[in-house]
Amino acid sequence: MPGKLKAKIVAGRHLPVMDRASDLTDAFVEVKFGNTTFKTDVFPKSLNPQWNSEWFKFEVDDEDLQDEPLQITVLDHDTYSANDAIGKVYIDIDPLLSCEAATVISGWFPIYDTIHGIRGEINVLVKVDLFNDLNRFRQSSCGVKFFCTTSIPRCYRVALVHGFVEELVVNEDPEYQWIDRIRTPRASNEARQRLISLMSGELQRKIGLKVLEMGGNAVVGYLQCFDLEGESGLVVRAIGTACTLDKLSPGTAPNTTTHTNTHTLPNTAPASNACNSPSKDSKESPLAHGCRSTHNSPVHSTCSSQRLSHSQNFSVSVPTLVFTGMGSGGSVGKEAGPLKTLLRQHTQSALEQREFPIFTLTCFPPGFLVHVGGVVSTRSVKLLDRIHNPDEPETRDAWWEEIRQEIKSHAKALGCHAVVGYSESTSIWYTLYFKEVCILSASGTAAMLNPRFMREGCLDTGGSDHRFEDASPPSCGFVHIPYDEFNMPFPAQLTYCYHCRRQKVPDVLFTTIDLPAEAEVTGKGCLIQARLCRTKKKAQGEVNATSISNLLPFMEYELHTQLMNKLKLRSMNALFGLRIQISVGENMLLGLASATGVYLSALPAPGGIQIAGKTPSDLSYDQHISTMQKRIDDTIAKNKELYNIHPPECIEEVVGSPIPDRQRSSRLFRSTSESSDELSELDLSHGKKDAFVLEIDDTDAVEDIQSLLTDAPIPAGFYSCNTEVMPGIYNWTSGLQMFTSVRVYRLSNANLTNQGLNKIFTDLCENLLKSLYFKLRSMIPCCLCHLNFTVAVPEEELIQVRGHTYLSTPLQSWSGENEEQLQFSMELCGESTISNNQPTAKPSAPSVDYGSFADRCSTWLELLRLKAHTIRRGSVKTISSSERCSPLPEGRSRSLRSTRSLPCGAPVTVVKMTPLSFLPGTRIVKYLGIINMFFIRETTSLREEGGVSGFLHSFIAEVFAMVRAHVAALGGNALVSYSMKECVFMENPNKNQAQCLINVSGDAVIFIRESDQEAIPPLLSSRQTSSTGADGTT
Amino acid sequence: MVWGMFPCHTLGPLIPVEQRLNAIPCRFYAPKNSGCSEGKGVPDPVRTNAKMSVELDVFVGNTTIMDEEVYQFWLDGYTVNDAVKVRMEGGVLEECEASAEVLRSDTMDQYRTFQMCERLLHSPAKLANQLLFQIPPHRQAMLIERYYTFDGLFVREVLGKKLSKGTKKDLDDVSAKTGVTLKSCRRQFDNFKRVFKVVEELKGPLVENIRQHFLLSDKLARDYAAIVFFANNRFETGKKKLHYLTFQDFAFCAGQLISNWTVGALDNMVEDMDVDLEKEFLQDLKELKILITDKDLLDQHKSLVCTALRGKTKAFNEMEANFKNLSRGLVNIAAKLTNTKDVRDFFIDLVEKFIEPCRSDKWTAGDMRLYLTHYTNSAHILDTFKHQVVWDRYMGVIKSCILKMYHD
């Protein structure tokens, strides 16, 4: 009996009217955990009941504590008929199980009903008394910390990185069980919500066990996904990186890398599936799984031929698979310098014993990342079949294992021993009568890592560390090629590093990770998107799968080409945060690749783009080409200005390219297949050195180039990127806003050509971006960070685009934090300087001349042509220290008034949400635990709720509200690394029905403003005063 | 694969194709040829071009964002299309190179948000502790204040009317007459009714009650107090003779009446609310009749006033000539206020019996002030007149009301 869960129901408010006669409600509450249920008394005739119940105590196994959610149901008592349910609250008590996270859950939770949405709120208190169980063979893993954040959490120091952990549980989807035909939609939805909650709990527990086995104490970059495979079942899978984290005491600087060897736990062998304890709801009898023959489709052969002919014209980041058979990674380095070999061997030993040297991190502690090779990715098309035995999810496991193996081998081909920034995703297409087709994808960045973080106990650790650090100067080390230049896995153009002039670097670098903090960037970064839509014949089952696999390579190639073109057009030479998504629909495939382009100072300057006509005889055609060439050149020049890219002139020296001359000018092709056979015939003599040659041989190509140029320019004052940090901008106000936008488009004519579809798809994405810019126009200058799009083809002729972004403006902030940053940001924007590296938090300055500051502000603002209300806001408040010491009678009195105008009762805690792993301008002082929630909402009165948009709008707002409530109940004031992983929307307008499923996750944290000097924040009170204070100034 | 190169695709395990009936939950399976997916109540999809249309378009922020301009359009009862048109003419588009569809989508988003917020705005106190929308406090205040702001023209039409269903039915006429959209009329009317219902049952000072329950600014709370007061006492304001008066004139008078003639005026800890005039006071007013019934007193009063006014105003002759009439008018109004019917006609009586005669004699506002001051003060000197306290309480309000109402 290792745990006692205690819950107390305090009160309710804003309950719905359940009794029409009296316009009141007789509410009571059922509290359920596992199989135990308690009830409160009925609080008669009130919409704001005060139950003030006793403590309900559940004595349970810690295993159950991890798996089960606490289920609170609010009901309306009815003397004559059955009691009506008002709604439910599921509380994940996992955060209470770790001693370092939250200690109590207390607060107002929205009461949620899957049919009616939020119906009032309930105040609940939950505590856990845990008796530590040191049994070796325990099935629970309490105490392992989980973080969605893909970097080392801010208030921890990493002692060891153990490596990849993964787990997968499957179950039958309650929505598809026979019983669903007789039960109500509400019951069905609730069964599903509960099941997924249970499954995530179980998954987390199992992963925790693996982590403990490896000797770690935390999972970083925890990524949990649901695959709703329809009739085939429900798969919940998760990956993460096991680490040993040390908590930093508040005084310590976060970046101290003292080498403590306290955690000398031996690394155990690769994680096994030892802990497949049966999942709770499994009732399916185990049926032997049928044929397991792997079908090697014709794709393979076509693929490889394609691969060979194209590969030679690729730049560094796109190495070929010709080298797949190259054996172990060790052999790659045989010609390399002794140091490199040493490094390789050293890390090899640390990593070799792991099955998957894969890391889900995208941000690394300094010195962790040694070299970066390039992006590696794998896709595989599968036909889904019913999961016959949920206890043995072997098929799904095997699929993913296969993919991870492939990723690993790709990394080896790049001379790297590890994959970082790794993520997995699926795209499933449901058909009515046939099996679902599913694309499994995985991608990451091949890299060399510093073994210091992998394994300890090596005697020479210190010494070799020293040498490694010597080998790669911190700011440019990671761009140096990890592979051997004489034995390159793909043709590339190498130069000496522009920074240190000692090591070779490629001309272009693609990665899935965030820009390392030490990297030197010229100018600013920007969001680059490649969009592609391909038609596909309608087909079923196997045929469908084959045709999809046939299309995939072309899609990837085209996406790559587009990215490369757009990168060159912006005169940049590296992509970070690359995310490629391919979704499958009934008659089309959608591809979307987003990344943040930057100019890395250490890499060579990119050449221009040159257009080559195929038929030079025609005069008008020539002219056409030259005008186009001019437009491209103009755009490049304009972009250089826009992104402030002015690299110092350098003498170009191309070295060590083992591929003969024609590689010198890497060429860029239209990516349709027919161009491949013309490659060798092209005369490139007129191309200027290292310029990309864009070949026009038919009208399609012209359109391609047109579309290249028609990417709408980003409006002035906006910056966007899909990484956490905007490269080239270093001054931030504390983060402001997070937005989610969902759009579904209907294509009215299915018989479209690839070109037409492409155009439409590009327009969709551009429109969404334009909408964002428009809505946020009053906040400029601002930066859209972590701008991520998700595309899906939910139905024939429907395209769903979902974007969520985090807005960080250097200016406006309603909750009043960090006005002290105002001036720097404005300087930054007004003069567009990038060398603005002043520390943003001012040391306690004496009180400031209020008036002159305001004057300065308003001049800047005028300069920036800002809106009147921004001026008002921006000019009033000054440096925060001045707020403390200098009396501001006016502001004080006004803030008093504003508090008075608030109603009595505690105001709602402001909870910020951000997809970033941090809040700019603030310091995270405590991680309270992971938030991972799954909601279903259904309606049978779609029209009355404002149509599909109205329905989804309120649902998303409700989800946000519930997430905020949970964070606040844990004592937090922000959710970082937020992501909406799933948003499945289905409608049946004929029946006036719609259903939507949303899965969100993130880390609940407490943050304080960087300027606050206190080590322990008086959390709630400080929040309130800061917000009311700010209010007084506006 | 190494990205950019081509992967080896493998197909999953092959299973013989079997018929499956229910891959998509049957509740959500729409037959492919079901035709247009748009329901009747669903807003028309936005045609973006011939080949695609927007089915669904949603934009949600963690902190609810609202455009004040669009909020005003919504409050004013503009349809989405009208709002888009006005916004386009306003030149937002040039400002940031957006297209009409972007504008439309933004407007729709905002309208939806406001519609969802509307329920909360009905009980503004809820807005602060609800969890659904995270709205910064100053924005909440703005939302509430604007939601409860009303059109002067509109309120003038319903002022003093019973806030009943019948009146609500006639709102389309009011809408046609004032040019305020019907939607906006309904919102304003419902606001009046809601405030009325809430404060009706409350004790204590009216203005304070309104301010606390609806979190309104002082000014707006006072205006609402006036509306509630008028609706409760059913003052006649619609007669032609009263048309020249604005809502603000009435609001001022209402403020005077509330703070001087109601029960709460003397003792605001009193049990009763201050929407009703104090009965005892009205009863006492009857005593003032002596000023006109007693001939001596009337003459004495006249001579006192005339002495004081002589040489100070051009309209002296008219004042002297009309004194008895005017005095009779004012005192009669006072004496009759015990009748509910006469309370309703309070303003029309003031205009007919006092303001109109003065206006026809071309008194200036200064003349009026002078006259009323001396008229009030002179009564104190009358030694046989014993009702000084009631007189002051009465004349104080009458004087300020008339001064406010005395304009063109």
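What you see is a predicted model; the values in this text were computed from it and never measured.

Caption draft 1: Region of the structure containing the overall build of chain B. When its secondary structure is counted, chain B shows 22 helices and 2 strands. The buried share of chain B, reckoned over its 408 residues, is 56%. Residue pairs at least 24 apart in sequence account for 69% of intrachain contacts in chain B once pairs closer than 6 positions are excluded. Approximately 17700 Å² of chain B is accessible, and the part contributed by carbon and sulfur atoms is 52%.

Caption draft 2: Structural context of the overall build of chain A. Helices and strands together make up the secondary structure of chain A, namely 17 helices and 32 strands. Taken across its 1034 residues, chain A has 64% of its residues classed as buried. When contacts within chain A are restricted to residue pairs at least 6 apart in sequence, those whose partners lie at least 24 apart make up 79%. Entry remark: accessible area of chain A is about 36600 Å², with carbon and sulfur atoms responsible for 53%.

Caption draft 3: The sheet that holds strand β30 (residues 922-939) of chain A, seen in detail. All names here are of chain A. Reading across the sheet, the 4 strands line up as β29-β31-β32-β30 and stay open at both edges, with mixed pairing between neighbours. Edge positions in the sheet fall to β29 (912-913) and β30, since each of these pairs with one other strand and no more. Pairing between β30 and strand β32 (residues 993-1009): 16 bridges, direction antiparallel. Counted as the bridge partner of Thr-939 is Ala-994 from β32. Packed on one face of the sheet, helix α2 (residues 185-214) meets β30 and β32 and runs near 150° to β30. Where helix α16 (residues 947-969) meets the sheet, its contacts fall on β29, β30, β31 (974-988) and β32, and the angle it forms with β30 comes to roughly 145°.

Caption draft 4: Representation of the environment of A:Arg777 in the model. Residue and element names in this part refer to chain A. Assignment of secondary structure puts Arg-777 in the loop between α10 (754-775) and β27 (782-792). On the accessibility criterion, Arg-777 (13% relative accessible area) is buried. Considered as a pair, Arg-777 and Cys-533 are 244 residues apart in the sequence and their alpha carbons are 30 Å apart.

Caption draft 5: Highlighting the packing of aromatic side chains. Considering all chains together, one arrives at 43 aromatic pairs over all chains under this definition. Measuring from ring centre to ring centre gives 5.0 Å for A:Phe38 and A:Phe58, while their planes differ by 70°; the resulting arrangement is edge-to-face. Placement of A:Phe38 in strand β3 (residues 36-39) and of A:Phe58 in strand β4 (residues 56-60) is noted, with a sequence separation of 20 residues between them. Taking the relative accessible area as the measure of exposure, A:Phe38 reaches 26% and is therefore partly exposed. Accessibility expressed as a relative area gives 1% for A:Phe58, which makes it buried. Between B:Phe346 and B:Phe347, the aromatic rings sit 5.1 Å apart at their centres with planes inclined by 80°, giving edge-to-face as the arrangement. B:Phe347 carries the same exposure label as B:Phe346, and that label is buried. Here a set of aromatic residues connected by ring pairs shows up, and it is made of B:Tyr71, B:Trp74, B:Phe114, B:Tyr147, B:Tyr148, B:Phe150, B:Phe154, B:Phe192, B:Phe214, B:Tyr224 and B:Phe247. Above the plane of the ring of A:Trp55 lies A:Lys6, whose end atom (NZ or CZ) is 5.5 Å from the centre. One residue, A:Arg13, lies across the ring of A:Trp108, its end atom 4.0 Å from the ring centre.

Caption draft 6: Summary view of the pairing of β31(A). All names here are of chain A. In terms of burial, β31 is largely enclosed, as 15 of its 15 residues are buried. By the bridge criterion, 2 bridges tie β29 to β31 in an arrangement that is parallel. Residue Met-913 lies in a different strand from β31, and its bridge partner there is Leu-975. Pairing geometry for β31 and β32, over 12 bridges, is antiparallel. Looking across to β32, one finds that Met-986 is bridged to Gln-995.

Caption draft 7: Seen up close, the nonpolar core. Counting residues in hydrophobic clusters, the biggest one holds 194 residues, and the most contacted among them are A:Ile122, B:Tyr371 and B:Tyr394. Apart from the residues lying within four places of it in its own chain, the contact partners of B:Tyr394 are B:Trp261, B:Phe281, B:Leu285, B:Leu288, B:Leu330, B:Ile333, B:Ala334 and B:Leu337.

Caption draft 8: Just the domain arrangement of chain A, in detail. Residues and elements named next belong to chain A. Per the domain assignment, the segments making up chain A are domain 1 (1-133) and domain 2 (908-1011). Listed by partner, the interface residues are 20 residues for domain 1 and 18 residues for domain 2. Summed over both sides, the interface between domain 1 and domain 2 buries roughly 1500 Å², with carbon and sulfur atoms accounting for 61% of that surface. Considering only the surface of domain 1 that becomes buried against domain 2, Tyr-112, Ile-115 and Ile-118 emerge as the three largest contributors, covering 31% of it. The interface formed by domain 1 and domain 2 contains 0 salt bridges.

Caption draft 9: Spotlight on the pairing of strand β11 (residues 218-228) of chain A. Residues and elements named next belong to chain A. Across the 11 residues of β11, 10 count as buried, placing the element largely inside the fold. Pairing between strand β9 (residues 145-146) and β11: 2 bridges, direction parallel. Across the sheet, residue Phe-146 finds its bridge partner in β11, namely Val-219. As judged from the 9 bridges shared by β11 and strand β12 (residues 234-247), these two strands associate in the antiparallel manner. Paired with Leu-228 across the two strands is Leu-234, which belongs to β12. Count of turn residues in the β11/β12 antiparallel hairpin: 5 residues, of which Gly-230 carries a positive phi of about 65°.

Caption draft 10: Geometry of the side chain of A:Thr723. All names here are of chain A. With respect to the element layout, Thr-723 can be found in the loop between β25 (718-720) and β26 (737-747). What makes Thr-723 buried here is its relative accessible area of 2%. The residues contacting Thr-723, other than those within four sequence positions of it, are Asp-514, Phe-576, Gly-577, Thr-596, Cys-785, His-786 and Leu-916.

Caption draft 11: Looking closely at the packing of helix α20 (residues 346-360) of chain B against helix α22 (residues 388-405) of chain B. All names here are of chain B. The interhelical angle for the contact between α20 and α22, taken along N-to-C directions, is 65°, at an axis separation of 11 Å. Accordingly, the angle class assigned to the pair α20 and α22 is roughly perpendicular. Both α20 and α22 take part in a crossing whose hand is right-handed. Contact residues: α20 offers Phe-346, Phe-347, Leu-350, Val-351, Phe-354, Ile-355 and Arg-359, while α22 offers Ile-398, Cys-401, Ile-402 and Met-405. In terms of residue class, the contact of α20 with α22 is made up of 10 nonpolar, no polar and 1 charged.

Caption draft 12: Quick look at the sheet that holds strand β18 (residues 509-510) of chain A. Residues and elements named next belong to chain A. Strands sit in the order β18-β20-β21-β19 across an open sheet of 4 strands; the sheet is mixed. Each edge of the open sheet is held by one strand with a lone partner, namely β18 and β19 (521-535). By the bridge criterion, 9 bridges tie strand β20 (residues 574-584) to strand β21 (residues 588-600) in an arrangement that is antiparallel. Looking at β21, one finds that Leu-575 is bridged to Gly-597. The strands that helix α7 (residues 541-569) touches are β18, β19, β20 and β21; relative to β19, the one it contacts most, it runs at about 150°.

Caption draft 13: Region of the structure containing the packing of α10(A) against helix α4 (residues 100-121) of chain B. Contact geometry for α10(A) and α4(B): axes closest at 9 Å, N-to-C directions at 60°. It follows from the interaxial angle that α10(A) and α4(B) lie oblique. With respect to the hand of their crossing, α10(A) and α4(B) are arranged in right-handed fashion. Residues A:Asn767, A:Lys770, A:Ser771, A:Phe774 and A:Lys775 of α10(A) pack against B:Glu101, B:Val102, B:Leu103, B:Ser105, B:Asp106 and B:Asp109 of α4(B). When its residues are assigned to classes, the contact of α10(A) with α4(B) shows 3 nonpolar, 3 polar and 5 charged.

Caption draft 14: Summary view of helix α17 (residues 295-309) of chain B. All names here are of chain B. Under the 1.5 Å per step criterion, the end-to-end length of α17 is 21 Å for 15 residues, consistent within 8% with the ideal 21 Å. Buried positions along α17 lie against α16 (290-293), α18 (316-336), α21 (365-381) and α22. Two or three places before Asp-296, at the start of α17, stands the capping residue Asp-294, its side-chain oxygen 3.0 Å from that residue's backbone nitrogen. Phi turns positive one or two residues past the end of α17, at Gly-311, with a value near 80°.

Thresholds applied
Residues numbered from 1 in each chain as written. Chains lettered and ligands numbered in written order. Predicted model: local features only at pLDDT ≥ 70, side-chain atom pairs only at ≥ 80, totals over all residues. Heavy atoms only, no water. Helix = DSSP H or I, 4+ residues; strand = E, 2+ residues; numbered from the N terminus. Buried < 20%, exposed > 50% of the residue type's maximum accessible area, 1.4 Å probe, protein only. Contact = heavy atoms within 4.5 Å. Areas by Shrake-Rupley, 256 points an atom, 1.4 Å probe, with all protein chains shown as cover. Pairing = 2+ DSSP bridges. Axes fitted to C-alpha atoms, helices over the stretch in contact; angles between N-to-C directions. Phe/Tyr/Trp six-rings, centres within 6.5 Å; stacked < 30°, edge-to-face > 60°. Lys NZ or Arg CZ within 6 Å of the ring centre and 35° of its normal. Core = buried A, V, L, I, M, F, W, Y, C linked by side-chain atoms within 4.5 Å. Domains from an automatic or database assignment. Buried area = accessible area lost by both parts, 1.4 Å probe. Salt bridge = Lys/Arg side-chain N within 4 Å of Asp/Glu carboxyl O. Parallel < 35°, antiparallel > 145°, perpendicular 65-115°, else oblique. Left-handed = near helix turned anticlockwise from the far one by under 90°. Nonpolar A, V, L, I, M, F, W, Y, C, P; charged D, E, K, R; others polar. Expected span 1.5 Å × (residues − 1). Polar contact = N/O pair within 3.5 Å; in protein donor to acceptor, adjacent residues only side chain to side chain.

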